[in-house]
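Coordinate inspection notes
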Amino acid sequence: MSARKGNALVVFGITGDLARRQTFHSLYRLEERGLLDCPVIGVASRELSGEQVRDLARASIEAAETIDEDVFERFARRLSYVSGDFGDEQTYARVAEELGDRDFPVFYLEIPPALFATVVSGLSRADLVSRGQRVVVEKPFGFDLASARELAAELHKYVTEAQIYRIDHFLGKLGLREVLHLHFANTMLEPVWNRNYLSCVQITMAEQVGVEDRGRFYDPVGALRDVVVNHLLQLLATAAMEPPAGPDPDTLKDAKRAVFRAMPDADPRHYVRGQYDGYREIDGVASDSTTETYAALRLEIDNWRWAGVPFFIRTGKQLPVKETELRLVFKRPPRIHFAGVDVRRPDPNQLVFKVDPSTGIRLILDAQRGDRPNEIHLDVDFAKEGGEGATPYEVLFHAALVGDSTEFTRQDNVEESWRIIQPLLDSPPPVHPYAKGSWGPPEGDQLLAGFGGWRGPWVPEQG
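Residues numbered from 1 in each chain as written. Predicted model: local features only at pLDDT ≥ 70, side-chain atom pairs only at ≥ 80, totals over all residues. Heavy atoms only, no water.

**A few points about helix α6 (residues 145–155)**
- Those residues of α6 that sit buried are L145, S147, A148, L151, A152 and L155. Down the axis of α6, the smallest arc covering the buried residues is 165 degrees, so these residues share one side.
- Elements in contact with the buried residues of α6: α5 (116–125), β6 (164–167) and α12 (411–426).
- Taking the backbone nitrogen of A146 as reference, a side-chain oxygen 3.4 Å away marks D144 as the first, capping residue of α6. (Buried < 20%, exposed > 50% of the residue type's maximum accessible area, 1.4 Å probe, protein only. Helix = DSSP H or I, 4+ residues; strand = E, 2+ residues; numbered from the N terminus. Arc of directions from axis to C-beta. Contact = heavy atoms within 4.5 Å. Polar contact = N/O pair within 3.5 Å; in protein donor to acceptor, adjacent residues only side chain to side chain.)

**Re the sheet that holds strand β14 (residues 372–381)**
- Reading across from one edge, β14-β13-β12-β11-β7-β10-β9-β8-β15 is the order of the 9 strands in this open sheet, with mixed pairing throughout. Of all the strands in the sheet, the pair left with one neighbour each is β14 and β15 (431–434). Put simply, the sheet's adjacent strands are angled 20 degrees from each other on average, direction ignored.
- Pairing of strand β7 (residues 198–206) with strand β10 (residues 311–316) involves 6 bridges; the strand directions are parallel. When the bridges of β10 are listed, A206 appears paired with G316.
- Against the sheet, helix α9 (residues 222–240) contacts β7, β8 (271–276), β9 (294–299), β10 and β11 (323–330), and its axis sits at roughly 145 degrees relative to β10. (Pairing = 2+ DSSP bridges. Axes fitted to C-alpha atoms, helices over the stretch in contact; angles between N-to-C directions.)

**A few points about unusual backbone geometry**
- Residue P357 follows D356 across a cis peptide bond; omega there is 5 degrees.
- Tracing the sequence through the fold places P357 in the loop between β12 (350–356) and β13 (360–369).
- With an omega dihedral of 10 degrees, the bond running from G456 to P457 counts as a cis peptide bond.
- Tracing the chain through its elements places P457 in the segment after α13 (442–446).
- The residue E212 is not glycine, and still its phi comes out positive at about 50 degrees.
- Structurally, E212 is set in the loop between β7 and α8 (215–218).
- A residue is classified by how much of its surface remains accessible, and E212, at 47% relative accessible area, is partly exposed.
- Residue Q318 is not a glycine yet carries a positive backbone phi of 60 degrees.

**A closer look at empty space enclosed by the protein**
- Summed over all chains, the structure comprises 5 cavities of 30 Å³ or more.
- Its boundaries defined by the atoms lining it, the largest cavity holds a volume of some 120 Å³.
- If you trace the largest cavity, you find it lined by P140, F141, G142, D168, V229, N230, Q234, T409, N413, V414, S417 and W418.
- Every element with two or more residues in the lining of the largest cavity is listed here: α9 and α12. (1 Å grid on protein atoms, 1.4 Å probe; cavity = no way out; pocket = protein on both sides within 12 Å on 5 of 7 lines; lining within 4 Å. Points joined across faces, edges and corners; volume = space filled by probe spheres on them.)

Okay, structure coming up:
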């Protein structure tokens, strides 16, 4: 962790969609909690006054919650704005002038990756990143393995790897830290968290929404690039890692890298792609598009803890529910034979971590209920038991300002993730149609033949 705290936050692209949906509201929440103690300087090409930027901030926050006027007034006093083209050196001169004597700003680039190098080189020429100042960049970190390496090489011309904070909002979610804590802080769980007791691990990221007005962005990307190579592989690594040997961020990232290094390249034969009905009619989507809006795949980890335990991942749009979860499915016990109980084979135990939209833990056991055995659920909803944590962008903005890189992705892990997925990009199987509101094409269910099918997800209507 850096000993130096950022004394300003400079946001490139502050008039964009991400700022409207996340940035303003998250910074307001930090102000409310007393954790924002520096100026916020927005930079974009639009000609706006400072008052107009504050109006944008107000509209964004009001769309998410009722504004506390005292909190907003404090936040608004921090906001200022610099307009200019990102390719113009005068833009960076104006940023430097606005910073004044604040010599250790944090730069947040919520802009397309194609502009990362342009902005970072501009900051470098203005001597704004020469003293270890942090640069936060948004995913995607490349389009494949080769482009991920090219992007890193461009950035490394101007800043070191330690200065780059690759933001993936999924890593700021409470559920990921809870998975680590439950795994290693409970002696009743850690000894069974391995190939000796587990049949498979299932990761689901289901979305009820479709692509809607994001066709031009989504069609060149698809589900595999959008969420699997980043969000869901990070969740997999969190669940599969060995206990980190120390508290520092790099030790945690080393533990994740060990998981990725033990994973063979994905096999296209264990990859199912789907596309929901009507996707090709969306504005910005090619009429003959083969982009997947559903992806299901099987991955392996070839190490002592996990050899032989498949990790199944599925994600899709226009599915029945919104839910992200990690599910450990234990091996099925043998039949039980004793007085008063029908001869039966109990279903496997399961341990479920709900990550989104709320967080919680469910333990599924087999128990005697009255005169017959049945499955029971032991549930904890964190919103009711101690409350939900901060939103992901609150966590990540604060971490970037104080210099804690724990929740950010390192380049070697980015490259390993792309290496694992690259064969699926090189040899994609055909895309299968599926109805809106279904669980995707039938081929996605067949992927789990011999493992009891997809379980859950955990929502009020079903187990």
